[in-house]
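Structural overview
These are the residues of each chain, in order.
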Amino acid sequence: MSSAGYEPEAASATLPADGASGAGPAIDPRAATEGLDERLAPVFEAVIRRNPGEAEFHQSVLRVLETVAPVVHRHPEYAEAKLLERISEPERQIIFRVPWSDDSGRVHINRGYRVEFNSALGPYKGGLRFAPSVNASIVKFLGFEQVFKNALTGMPIGGGKGGADFDPRGRSDAEVMRFCQSFMTELHRHLGEQTDVPAGDIGVGRREIGYMFGQYKRITNRYESGVMTGKGLSWGGARVREEATGYGCAYFVAEMLTTRGESLGGRRVAVSGSGNVAVHAIEKVQQLGGRVVACSDSSGYVHDPDGIDVALLKEVKLAERARIGEYVRRRGRRARGFAGGSVWEVPCEIALPCATQNELDARAARRLVDNGVITVAEGANMPTTPDAVRLLREAGVAFGPGMAANAGGVATSALEMQQNASRDSWSFDHTEERLIEIMSDIHAACRETAASYGAPDDYVTGASIAGFQRVADAMLALGLV
Ligand code: GLU
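Here we summarise the structure given alongside this text. (Residues numbered from 1 in each chain as written. Predicted model: local features only at pLDDT ≥ 70, side-chain atom pairs only at ≥ 80, totals over all residues. Heavy atoms only, no water.)

Focus: the sheet that holds strand β11 (residues 375-377)
The following threshold applies: Pairing between strands requires that DSSP locate at least two bridges from one strand to the other. Secondary structure elements are defined from DSSP: runs of H or I of at least 4 residues count as helices, runs of E of at least 2 residues count as strands, and each element is numbered from the N terminus. Note on method: axes are straight lines fitted to C-alpha atoms, helices fitted across the in-contact stretch only, with angles between N-to-C directions ranging 0 to 180 degrees.
Reading across the sheet, the seven strands line up as β9-β8-β7-β6-β10-β11-β12 and stay open at both edges, with mixed pairing between neighbours. Looking at the sheet topology across the chains shown, the edges are occupied by β9 (336-339) and β12 (398-400). Neighbour-to-neighbour, the strand axes of this sheet turn through a mean angle of 15°, independent of strand direction. With two bridges joining them, strand β10 (residues 350-353) and β11 adopt parallel strand pairing.

So, in structure tokens, the structure goes:
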């Protein structure tokens, strides 16, 4: 393990800006096609042909196709209606220029995206990501996952995703505001509370939602609260929305453990990331009795054997937007900081990847297994590579895919839409109770569906089949549109 004193400056160059592992394509498309069911292989081939070079999108489609083969066998009507071909083709894709000027008057051009993937169950719903790594592949994979995740919540929401290759880090509030206003000046024409409802994701929090909602309101001259979620409490936001993805993930893990006769009590937990999802997962895991001994950011990770001080972490990472080295400095002797390296080196029984896609690879998975991990649940979207998922499952580790484990965020967004539609505002406790109920229902749906397809402990199969069936049945009912 590479340790030594913490040097944020040097470390920041070791990882890509949004903390992605930087690994190349996580699958070999040709080998993958060969392993697929004969009815599904042509679907996957078409996805590769139509979306060349989009490795993350291919990977997410494959994750679903691999699991739905038995459903297609049971339901020949899906194949007749070419449902899989339709479901893997977005309904609409919008790509646009985002011009803006920085504080010194220099002009910048970014690229904006919104992929409106599927509206069979409700208006397109899903976040916006601002990060330098954003491209068509990333937005499409996120949009595709969102379709099934949203279906799994049982709420009336379709799936979509968007964002821009803009890096808010190091930018002043005024620069972020100008960027958000320019972004929304184009995007507004595609949105509406009954049409498409964005929210946050990496790089987009309450500040950015505020600037975008403000610009939408100005252009349309409508106070249309339900057009965005993740808003501030005084301007149409919902309690628990900020905490919901992380809290939901913690509740989901607790359910997974209970099923195995285990609990979070006294367990060591490692969490990657230290953004909105990670921080709130840490907070709830600790409230439920677990001890979170490590977390990270794109500059390195911290090992804090007594348990992360959440209040301090919130101050450093969410309020000050500083590097994790600052947490180590203020925490004093108790915590050790590691520049670069992998948070998965820290021994734990439960691992929650809450940073970004493909951050937990086979090597990390092997290390986790060697260190005695029993449960892994994805707080981020697709943070575990296919090889790592395979390795964990073969080792008997319970694995909760993001489609289920991180669905609490978007589910609470749907609760925000519900409050906006009825001009109501619920208490924290009531909203959290609803979140707990939804996570428990998702967990049950995963297990029941997996069991009915002969794979009782397989959450990946359970989540994607349960989500897929809800969308597929609605698509059949709505005809060829
Ligand atoms: N970006 C979050 C997700 O990945 C939340 C989306 C939303 O609330 O619409 O699910």
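A closer look at the packing of helix α18 (residues 428-452) against helix α19 (residues 459-477)
Stated formally: Angles are sorted into four bins: roughly parallel if under 35 degrees, roughly antiparallel if over 145, roughly perpendicular if 65 to 115, and oblique for all others. Residue contacts are defined here by distance: any two heavy atoms, one from each residue, within 4.5 Å place the two residues in contact. In this count, Pro and Cys sit with the nonpolar residues alongside Ala, Val, Leu, Ile, Met, Phe, Trp and Tyr, while Asp, Glu, Lys and Arg are called charged and the others, Gly among them, polar.
Across the interface, α18 lies against α19 with an axial gap of 7 Å and an inter-helix angle of 100°. As judged from the angle between their axes, α18 and α19 are roughly perpendicular. From α18, His-443, Ala-445, Cys-446, Arg-447, Thr-449 and Ala-450 reach across to α19, where they touch Tyr-459, Gly-462, Ala-463, Ile-465, Ala-466 and Arg-470. Looking at the contact of α18 with α19 residue by residue, the class counts come to seven nonpolar, three polar and two charged.

As for helix α8 (residues 173-187)
Rules: Here the expected length of a helix is defined as 1.5 Å per residue gap, with one fewer gap than residues. Only protein chains enter the calculation, and the probe is 1.4 Å; a residue is then buried if its accessible area is under 20% of its type maximum, exposed if over 50%, and partly exposed in between.
Across its 15 residues, α8 extends 21 Å between first and last C-alpha, which sits within 8% of the 21 Å expected from 1.5 Å per residue. The complete set of buried residues in α8 reads Glu-175, Val-176, Phe-179, Cys-180, Ser-182, Phe-183, Met-184 and Leu-187. Each element contacted by the buried residues of α8 is listed here: β1 (92-101), β2 (107-118), β3 (124-130), β4 (159-164) and α9 (206-220).

Brief notes about the site of the ligand
The condition that has to hold: Consider each residue's heavy atoms; a residue with any of them within 4 Å of a molecule or strand counts as near. Pairing of N or O atoms within 3.5 Å defines a polar contact, subject to two protein rules: one partner must be a possible hydrogen donor and the other a possible acceptor, and residues neighboring in sequence count only if both atoms are side-chain atoms. Here the accessible surface of atoms and residues is derived via Shrake-Rupley with a 1.4 Å probe, and residues count as covered only by protein chains that are part of the display.
Every one of the 13 residues lining the ligand counts as a neighbour, but Lys-125, Lys-149, Asp-201, Arg-241 and Ser-413 are closest to it. Contacts to the ligand include Lys-149, whose side-chain N or O atom sits 2.8 Å from an oxygen atom. Note that an oxygen atom of the ligand is positioned 2.6 Å from one of the side-chain N or O atoms of Ser-413. Protein chains shield 96% of the accessible area of the ligand, which is 300 Å² for the free molecule.

Observations regarding the nonpolar core
What counts here: What makes a nonpolar core is a set of buried Ala, Val, Leu, Ile, Met, Phe, Trp, Tyr and Cys residues whose side-chain atoms join them at distances within 4.5 Å.
Of all hydrophobic cores here, the largest spans 101 residues; its most connected members are Val-68, Tyr-327, Leu-352, Ile-442 and Phe-468. Ignoring sequence-local partners within four residues, the contact set of Tyr-327 consists of Val-302, Asp-304, Ile-308, Asp-309, Leu-312, Leu-313, Val-316 and Ala-335.

Describing the sheet that holds β1
The strand order β1-β2-β4-β3-β5 describes an open sheet built from five strands, whose pairing is mixed. The open sheet has two edge strands with one neighbour each: β1 and β5 (196-199). Strand-to-strand, the axes of this sheet are offset by a mean angle of 20°, without reference to chain direction. When β3 meets β5, the two strands line up parallel, connected through four bridges.

Observations concerning the packing of helix α11 (residues 276-287) against helix α12 (residues 310-319)
Running from N to C, α11 and α12 point in directions that differ by 175°, and their axes come no closer than 10 Å. Of the possible angle classes, the one that applies to α11 and α12 is roughly antiparallel. Taken together, the residues of α12 that come into contact with α11 (itself represented by Asn-276, Val-279, His-280, Ile-282, Glu-283 and Gln-286) are Val-310, Leu-313, Lys-314 and Leu-318. Broken down by class, the residue content of the contact of α11 with α12 amounts to five nonpolar, three polar and two charged.

A word on empty space enclosed by the protein
For the record, the criterion: Here a cavity is any set of points on a 1 Å grid over the protein atoms alone where a 1.4 Å probe fits but cannot get out, and a pocket is any open set with protein on both sides within 12 Å along at least 5 of 7 lines; a residue lines the site when it has an atom within 4 Å of a point. Grid points are joined across faces, edges and corners, and a volume is the space filled by probe spheres set on the points.
Per the stated rule, a full pass over the model turns up two cavities of 30 Å³ or more. As for the largest cavity, its lining consists of Arg-63, Val-64, Pro-401, Met-403, Val-460 and Ser-464. Of all the secondary structure elements, the ones that give two or more residues to the lining of the largest cavity are α4 (55-74) and α19. Residues belonging to the lining of the largest cavity are distributed by class as follows: four nonpolar, one polar and one charged. Roughly 30 Å³ of internal volume is contained in the second largest cavity. Taken together, Val-43, Val-61, Val-64, Leu-65, Leu-84, Ile-87, Ser-88 and Phe-144 form the lining of the second largest cavity. Of all the secondary-structure elements, those providing two or more residues to the lining of the second largest cavity are α4 and α6 (83-87). If one sorts the elements of the lining of the second largest cavity by residue count, α4 sits on top with three residues. Its residues assigned to classes, the lining of the second largest cavity comprises seven nonpolar, one polar and no charged.

A closer look at the pattern of salt bridges
The condition is simple: Salt bridges are identified by distance alone: a Lys or Arg side-chain nitrogen within 4 Å of an Asp or Glu carboxyl oxygen.
Taken as a whole, this structure holds 31 salt bridges when the rule is applied. Residue Arg-114 is joined to Asp-196 by a salt bridge in which the shortest nitrogen-to-oxygen separation is 2.6 Å. Of this pair, Arg-114 sits in strand β2 while Asp-196 sits in strand β5; the two residues are 82 residues apart in sequence, bridging distant segments of the chain. Look at Asp-196 and you get buried, because its relative accessible area is 0%. Glu-326 is the partner of Arg-329 in a salt bridge, and the nearest nitrogen-oxygen pair spans 2.8 Å. Remark: Glu-326 and Arg-329 occur in helix α13 (residues 324-331); sequence separation between them is three residues, near one turn of the helix. Put simply, Glu-315, Glu-320, Glu-326, Arg-329 and Arg-330 are held in one network by salt bridges that share partners.

Things to note about α13
The buried fraction of α13 amounts to six of the eight residues, a majority that puts the element mostly inside the structure. Turning to α13, its buried residues number three or more, namely Ile-324, Gly-325, Glu-326, Tyr-327, Val-328 and Arg-331. Next to the buried residues of α13 lie β7 (291-297), β8 (300-303), α12 and β9. At the exit of α13 stands Gly-332, carrying a positive phi of roughly 80°.

Observations concerning the packing of aromatic side chains
What counts, and what does not: Stacked, tilted and edge-to-face are the three classes applied to pairs of Phe, Tyr and Trp rings, where Trp contributes its six-membered ring and a pair requires centres within 6.5 Å; stacked means planes under 30 degrees apart, edge-to-face means over 60, and tilted covers the rest. A ring is scored as having a charge over it whenever the NZ atom of a lysine or the CZ atom of an arginine sits within 6 Å of its centre and within 35 degrees of its normal.
Under the counting rule described, the total for this entry stands at 17 aromatic pairs. For the ring pair Phe-130 and Phe-166, a centre distance of 6.0 Å and an interplane angle of 85° mean the geometry is edge-to-face. Of this pair, Phe-130 sits in strand β3 while Phe-166 is found in the loop between β4 and α8, placing the two residues 36 residues apart along the sequence. You can call Phe-166 buried: its relative accessible area is 2%. An aromatic cluster of at least three residues, connected via ring pairs, comprises Phe-96, Trp-100, Phe-130, Phe-166, Phe-179 and Phe-183. Note that Lys-284 overlies the ring of Tyr-247, its terminal NZ or CZ placed 4.4 Å from the centroid.

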